[in-house]
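Single-letter residue listing:
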Amino acid sequence: MQDLFWQLKNTDSFTIYTTLVFVAIVGWFIREIAGSSGLALSSLPLLMIGGIAGPAFFTQQMITLSYDKNVNVVTATALGVLTSLLVILLSKWLWMVLNEHRVSRAKLVAIPSRPPRLRR
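A brief look at the structure comes next. (Residues numbered from 1 in each chain as written. Predicted model: local features only at pLDDT ≥ 70, side-chain atom pairs only at ≥ 80, totals over all residues. Heavy atoms only, no water.)

Here we look at the overall build of the protein chain
- Counting its secondary structure elements, the protein chain contains four helices and zero strands.
- Along the protein chain, helices and strands appear, N-terminal first, in the series α-α-α-α.
- Computed over its C-alpha atoms, the radius of gyration of the protein chain comes to 23 Å, more than 25% above the 14 Å expected for a compact globule of 120 residues.
- Seen through its C-alpha atoms, the protein chain measures out along the principal axes to roughly 90 × 30 × 20 Å. (Helix = DSSP H or I, 4+ residues; strand = E, 2+ residues; numbered from the N terminus. Rg over C-alpha atoms; globule rule 2.2 N^0.38 Å.)

Structure (structure tokens):
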């Protein structure tokens, strides 16, 4: 785990720039598909973390996707951003399912259609 932190500390600028490009593209897609700028802006930090952690994780696990260093960084960054997007989508879906279950279990109280008449 400590090696991962050192690798994150020594992240080069090419990794950061490619992460920014992928995060901007995915953020734009989220805004266009969901129609919510707030959702897109709240997702950007998590996507950025996933994009930077992707190449560091692949380096730590000694997984190479290509012999070219730049191609390896770009594919690892893309996989990191897509993995974090998948985590965001799964967490939003799980939150929706739990809220739906909570609402379906609520006991509703019947409201009378007209007030009762007073007897004299």
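Further notes follow.
A closer look at the pattern of salt bridges
- Inspection of every chain in the model, using the stated rule, returns two salt bridges.
- For the salt bridge of Asp12 with Lys69, the shortest nitrogen-to-oxygen distance reads 3.8 Å. Of this pair, Asp12 sits in the loop between helix 1 (2-9) and helix 2 (13-34) while Lys69 sits in helix 4 (residues 69-104), and the two are 57 residues apart along the sequence.
- Arg31 is the salt-bridge partner of Glu32, the closest N and O atoms lying 3.1 Å from each other.
- Judged by its relative accessible area of 44%, Glu32 falls in the partly exposed class. (Salt bridge = Lys/Arg side-chain N within 4 Å of Asp/Glu carboxyl O. Buried < 20%, exposed > 50% of the residue type's maximum accessible area, 1.4 Å probe, protein only.)

Regarding the nonpolar core
- Judged by nonpolar contacts, Val23, Val26, Ile30, Ala40, Leu47, Val81, Leu85 and Ile88 together constitute the single largest core of eight residues.
- Of all the elements in the fold, those that place two or more residues in this core are helix 2, helix 3 (37-60) and helix 4.
- In contact with Ile88, not counting residues within four places along its chain, are Ser43, Leu46 and Leu47. (Core = buried A, V, L, I, M, F, W, Y, C linked by side-chain atoms within 4.5 Å. Contact = heavy atoms within 4.5 Å.)

So, the environment of Ser104
- Structurally, Ser104 is set in helix 4.
- For Ser104, a relative accessible area of 55% corresponds to the exposed category.
- At 2.9 Å, the side chain of Ser104 and the backbone oxygen of His101 are in polar contact. (Polar contact = N/O pair within 3.5 Å; in protein donor to acceptor, adjacent residues only side chain to side chain.)

Brief notes about helix 2
- Between its first and last C-alpha, helix 2 extends 31 Å over 22 residues, near the 32 Å set by a 1.5 Å rise per residue.
- The complete set of buried residues in helix 2 reads Thr15, Thr18, Thr19, Val23, Val26, Gly27 and Ile30.
- Remark: Gly35 follows helix 2 within two positions and exhibits a positive phi of approximately 70°. (Expected span 1.5 Å × (residues − 1).)

Quick notes on a nonpolar patch on the surface
- Residues Leu86, Leu90, Trp93, Leu94, Met96, Val97 and Leu98 make up a contiguous nonpolar surface patch of roughly 700 Å² in combined accessible area.
- With respect to the helices and strands, Trp93 occurs in helix 4. (Patch = residues over 30% accessible without salt bridge, like charges linked within 9 Å, V, L, I, M, F, W, Y side chains within 5 Å. Areas by Shrake-Rupley, 256 points an atom, 1.4 Å probe, with all protein chains shown as cover.)

Quick word on unusual backbone geometry
- Its identity as a non-glycine residue notwithstanding, Met62 has a phi of 60°, on the positive side.
- Positionally, Met62 belongs in the loop between helix 3 and helix 4.

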